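Survey of secondary and tertiary structure
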Amino acid sequence: MTLDLNVEHRDLGRSSEGAVSSEMTRQAVHQNKKQGRGFFLTLLILSGSAILFLAAFFFKGREIHIFTFQKFVVNKAFVTLLPREYALEEAEAVRKGVYDFYDGAKEGEVSDRALFQVSRRIQAIMADEKITDEEVQELLNLIERSRGEK
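A quick note: this is a predicted structure, and the numbers were derived from the prediction, not measured. (Residues numbered from 1 in each chain as written. Predicted model: local features only at pLDDT ≥ 70, side-chain atom pairs only at ≥ 80, totals over all residues. Heavy atoms only, no water.)

In contact at an axis separation of 11 Å, helix α2 (residues 88–106) and helix α4 (residues 133–147) are set at 30° when each is read in the N-to-C sense. In terms of orientation, α2 lies roughly parallel with respect to α4. Crossing of α2 over α4 shows left-handed handedness. Contact residues: Val94, Gly97, Val98, Asp100 and Phe101 in α2; Val136, Leu139, Leu140, Ile143, Ser146 and Arg147 in α4. Of the residues contributing to the contact of α2 with α4, the split by class is 7 nonpolar, 2 polar and 2 charged. (Axes fitted to C-alpha atoms, helices over the stretch in contact; angles between N-to-C directions. Helix = DSSP H or I, 4+ residues; strand = E, 2+ residues; numbered from the N terminus. Parallel < 35°, antiparallel > 145°, perpendicular 65-115°, else oblique. Left-handed = near helix turned anticlockwise from the far one by under 90°. Contact = heavy atoms within 4.5 Å. Nonpolar A, V, L, I, M, F, W, Y, C, P; charged D, E, K, R; others polar.)

Below, the structure written as C-alpha cells:
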C-alpha cells in the first residue's frame, strides 16, 4: 500500500507543477499583452505628434518662415556679414529695408513666389560668409521689384 500512496503522491506533485507552470504561462502572456498595448500606445502618440507637427507646418509654414528669417537671419546673421565699410546708419537702413519686406510679407502684401525668391537670394548671398556692396544693392533692388507682386 505504501507503493500506491507514493504513486498517488507523485501524481499530485506533477499536477500541481503543471498548474503552477500554466499559471506562470498565463501571467507571462498577460504581461506581454500589457507590454504590447504600451508599445502600441507609444507608437500611436508618436505618429499623432508627427501628424500634428506636419499639419502645423502646412497651415503655418509661411508664418514660421517669415518669423525665422526676421529674427535669426536678418537681425543676427545678415547684419553681421554686411561690409565693414558700412556706417552704422547704412547697415541699419539695409536691415530695416529687408525687415520691412518680411513685415509686408506677413501682412500679405508680397506673393509667396517673391518671398521665397528673396529668401533664396539672401541664403545665396550669405553662403560664402561675406557680403559685398554689389550683393546688397542687388538684394535691395530685388526687394523693391518684389514689393509690387501679389
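There is more to say, and it comes next.
For the structure on display, the rule yields 5 aromatic pairs. Between Phe58 and Phe59 the ring centres are 4.9 Å apart and the planes differ by 80°, which places this aromatic pair in the edge-to-face class. Classification of Phe58 as exposed rests on a relative accessible area of 66%. Measuring from ring centre to ring centre gives 5.4 Å for Phe101 and Tyr102, while their planes differ by 85°; the resulting arrangement is edge-to-face. As far as the burial class goes, Phe101 and Tyr102 line up, both buried. Grouping aromatic residues by their ring pairs yields a cluster made of Phe69, Phe101 and Tyr102. When the ring centre of Tyr99 is taken as reference, the NZ or CZ atom of Arg95 above it lies at 5.3 Å. (Phe/Tyr/Trp six-rings, centres within 6.5 Å; stacked < 30°, edge-to-face > 60°. Buried < 20%, exposed > 50% of the residue type's maximum accessible area, 1.4 Å probe, protein only. Lys NZ or Arg CZ within 6 Å of the ring centre and 35° of its normal.)

It is worth spelling out a nonpolar patch on the surface at this point. On the surface, Phe53, Leu54, Phe57 and Ile64 cluster together into a nonpolar patch covering about 400 Å² of accessible area. Looking at the secondary structure, you find Phe57 in helix α1 (residues 2–80). (Patch = residues over 30% accessible without salt bridge, like charges linked within 9 Å, V, L, I, M, F, W, Y side chains within 5 Å. Areas by Shrake-Rupley, 256 points an atom, 1.4 Å probe, with all protein chains shown as cover. Salt bridge = Lys/Arg side-chain N within 4 Å of Asp/Glu carboxyl O.)

The next point concerns the nonpolar core. By size, the foremost hydrophobic cluster in this structure holds 26 residues, and its most contacted members are Phe78, Val98, Tyr102, Val118, Ile122 and Leu139. Looking at this core, the elements with two or more residues in it are α1, α2, α3 (112–126) and α4. For this core, the element with the highest residue contribution is α2, accounting for 7 residues. Apart from residues no more than four positions distant in its own chain, Phe78 is found in contact with Val73, Val94, Val98, Ile122, Met126, Ile131 and Leu139. (Core = buried A, V, L, I, M, F, W, Y, C linked by side-chain atoms within 4.5 Å.)

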